[in-house]
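What follows is each chain in one-letter form.
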Amino acid sequence: MALSILIVSYRDVRHPEMGGAEVILREIYRRLAARGHRVTFLTGAWRGAPRRETIDGMEIVRAGSTYSFNWVVPSMWRKLRGQGFDVMVEDLNKIPFFGPWVQKEIPVLANVPHLFGTTVFREASLPIALYVYLHERLIPACYGGSRFQVLSDSTREDLIGRGINPSRITVVRCGIDHETYRPPARQGTPEPVILYLGRLKRYKGIELTIEALPRVLERVPGARYWIAGEGDYRGDLEEKIRRLGLSDRVELLGFRDGAEKIRILEKARVLVYTSPKEGWGLSVIEANAMGIPVVASDAPGLRESVRHGETGFLVPHGDVPVLAGRLSDLLSDDSLWETMGRAGIEWAGRFNWDRMADDTEELLQRCVSEWGRGKPE
């Protein structure tokens, strides 16, 4: 049955601060749109953004801003409700929109990359962090009768720990575009370039690699650290780079996508991801698919996308000496780098977007079918 799907999300793939979560939604739902489902995104606006446009066969409706979008969702629902939607997909990725309380006409599928929990206090000021934390505490009360789609077992366990019925949670593994992310034709090994690829946010732990770099340089004098992405933590990173005297070794590349993103990945030797919590780690699998090993924090989500000792290394979050040691190993040992690179290519081959779209479509149909039978539980 063809469905009319409303997706509520803070950002879409053209937002200046879009990240992996937005890429995942786009890849799933553009495929469902191509299969005949009607897909509408209700998402936050930014300066200069068109209020309506069509992307990949999906209608995009923008309203509010980063700081007000959650407040305008109820009024936007009242404007859009007459379009005959069958299901609401709520991207539960910042502050909840409380879809089951906003409307009771259609089922809600809660799409959860990951929840902040107490890590939000590392990212935001105390009032904002407390605001987010307390809103997350309401998730069981609001969404107890909804189904959940998550990327990892870590997020599943997080939700169970918060009181969500395990039978309501479905793990749907992330996909990857194997036509885009594939091993490049290399002659020899890449230069000793460490790459971070993602949004520049405090909670991502990007500064840990900057702090580790002096130790890395003792073993690998030619090492460099490239940081690709944009976000409100850029100024702090620039200040730390200056303070440590690493301006000639650390480069902030800005946002890179498409062919530019592939070019920098082809030049990188190691991807680094040192956040304390992730839903999965899409950049990890993209790097692996190109034969690039990963060093990441031993943290929820990342400990599932990185196979420790095979496709890269997991290190205790915040342990700068261990981080420096693992990075140095992969920058200096060609045999280790090649072995892990081959294992990463094999590991990444297990994931594809079409399978993820299939699983999501099945879950959406289940939500609608249950609702029609007078459920949820």
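Residues numbered from 1 in each chain as written. Predicted model: local features only at pLDDT ≥ 70, side-chain atom pairs only at ≥ 80, totals over all residues. Heavy atoms only, no water.

Trainee: Help me understand the pattern of salt bridges in this model?
Mentor: Counted under the stated rule, the structure contains 37 salt bridges. Across the pair E238 and R234 runs a salt bridge, and its minimum N-O distance is 3.1 Å. Of this pair, E238 and R234 both sit in helix α9 (residues 234-243), 4 residues apart, which is roughly one turn of the helix. Accessibility expressed as a relative area gives 23% for R234, which makes it partly exposed. Linked through salt bridges whose partners overlap, the residues forming this network are D12, R14, E53 and R62. (Salt bridge = Lys/Arg side-chain N within 4 Å of Asp/Glu carboxyl O. Helix = DSSP H or I, 4+ residues; strand = E, 2+ residues; numbered from the N terminus. Buried < 20%, exposed > 50% of the residue type's maximum accessible area, 1.4 Å probe, protein only.)

Trainee: How do you make sense of a nonpolar patch on the surface when you look at a structure like this?
Mentor: On the surface, a nonpolar cluster with roughly 370 Å² of combined accessible area is contributed by F121, L126, L130 and L134. At 3 residues, the largest contribution of residues to the nonpolar patch is made by helix α5 (residues 126-137). Mapped onto the fold, L126 is located in helix α5. (Patch = residues over 30% accessible without salt bridge, like charges linked within 9 Å, V, L, I, M, F, W, Y side chains within 5 Å. Areas by Shrake-Rupley, 256 points an atom, 1.4 Å probe, with all protein chains shown as cover.)

Trainee: What is the right way to read the sheet that holds strand β13 (residues 294-297) from this model?
Mentor: Backbone-to-backbone hydrogen bonds pair the strands of a sheet. The strands run either parallel or antiparallel. Here 6 strands make up an open sheet; going across it, the order is β11-β10-β9-β12-β13-β14 and the pairing parallel. The open sheet has two edge strands with one neighbour each: β11 (250-254) and β14 (312-315). Strand-to-strand, the axes of this sheet are offset by a mean angle of 20°, without reference to chain direction. Two elements, strand β9 (residues 193-197) and strand β12 (residues 270-273), share 2 bridges in a ladder whose sense is parallel. Across the sheet, I194 pairs through a bridge with V270, a residue of β12. Contacts from helix α8 (residues 207-219) reach β9, β10 (224-228), β11 and β12 within the one sheet, and its direction differs from that of β10 by about 170°. (Pairing = 2+ DSSP bridges. Axes fitted to C-alpha atoms, helices over the stretch in contact; angles between N-to-C directions. Contact = heavy atoms within 4.5 Å.)

Don't take any of this as a statement about function, it's just geometry.
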